[in-house]
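In case you want the letters, here they are:
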Amino acid sequence: MSEPTTSRLVRTRRGLGGLLLAAALWWTVTDLVAAPGSMLARFSPLDAVPALVALLTSGRGVIHLVVTLERLLAGLALAALVGAPLGIAIGRSRRLAELTGSLFQFLRMISPLAWTPIAIVLLGVGDAPVVFLVAVAAVWPIVLNAAAGVHALDGGWLRVAASLGATRREQLTSIVLPGVRAHLATGLRVALGTAWIVIVPAEMLGVDSGLGYAILDARDRLRYDELMGVVVLIGAVGFVLDSLAQRLATRARGRRRWPAVLTRTGTPAAPDDDRAPVPLP
């Protein structure tokens, strides 16, 4: 068995060990430490897991999950459409960066949930304010990472491309966009985590579906076992989403070759070995 495979197995075992330890601690607190019939005992994993299974097999849990994922993807798409071009523009223009730097840092420090009353007043109740709050939470990591990706580009490549007659559009599509891909993937991963945290409380306000609503609904029906089941589901889905985003970011950080705009004019392409020039970050 190769060394990388062994390392992955070790990490997987340790990760599973941590999850089992947390589950054992949860069971100890609710079933051994808590008094029988107490409020704390109602959150036992022995009750939460069967309640979660029943919620999923009945279809209600799946519906809530699908609705939440739809809102999440809509908010992330909106954040990416706004944040990626804005971040690239800030990275390429020092004047724009100086003009917006203090403003964006000020806005970034405002909790996305603080915009909830304004979102409801302007957009009403339903999906629109939830998507808006997700987008507000997710846009800043994308903006900052896109700008950082432009700053990390090798300026020599842009100068060489300009000297070879490449237009600004060709520089953008052949050098800037491929060069910031890894930073954008990292920004999207951070944005995904932030959005996943924000969307649950956002769905507790004026909607009748979603995982956030399912928590409130279980609380109102005094189904604390189902409430904890939904909490476990939120953690599990968030873990899977972050793992997928991490793989995407890892692939995006893979080595890239010289931009086509440099090779098409006769500049030799970098050989695909360790002697190649330093690739785009």
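Residues numbered from 1 in each chain as written. Predicted model: local features only at pLDDT ≥ 70, side-chain atom pairs only at ≥ 80, totals over all residues. Heavy atoms only, no water.

## Observations concerning the overall build of the protein
Alright, step 1. For the protein, the helix and strand inventory stands at 12 helices and zero strands.
Alright, step 2. Counting helices and strands in the order they occur from the N terminus, the protein gives α-α-α-α-α-α-α-α-α-α-α-α.
Alright, step 3. Sorting the 281 residues of the protein into buried and exposed places 37% on the buried side.
Alright, step 4. Carbon and sulfur atoms form 66% of the exposed surface of the protein, whose accessible area is close to 16,100 Å². (Helix = DSSP H or I, 4+ residues; strand = E, 2+ residues; numbered from the N terminus. Buried < 20%, exposed > 50% of the residue type's maximum accessible area, 1.4 Å probe, protein only. Areas by Shrake-Rupley, 256 points an atom, 1.4 Å probe, with all protein chains shown as cover.)

## Brief notes about helix H8 (residues 168-179)
Alright, step 1. When H8 is considered as a whole, its buried residues turn out to be Gln-171, Ile-175, Val-176 and Gly-179. Axial view of H8: buried residues confined to an arc of 85°, hence all on one face. (Arc of directions from axis to C-beta.)

## Topic: helix H10 (residues 211-220)
Every α-helix winds through 3.6 residues per turn, so residues three or four apart in the chain are directed the same way.
Alright, step 1. Where H10 is concerned, the buried positions are Leu-211, Gly-212, Ala-214, Ile-215, Leu-216 and Ala-218.
Alright, step 2. Buried positions along H10 lie against helix H3 (60-92), helix H9 (181-202) and helix H11 (224-252).
Alright, step 3. Just downstream of H10, Leu-222 is the residue with a positive phi angle, here 60°. (Contact = heavy atoms within 4.5 Å.)

## Things to note about the side chain of Arg-71
Alright, step 1. Within the secondary structure, Arg-71 is located in helix H3.
Alright, step 2. In contact with Arg-71, not counting residues within four places along its chain, are Asp-127, Val-130, Val-131, Ile-199, Glu-203, Val-207, Ser-209 and Gly-210.

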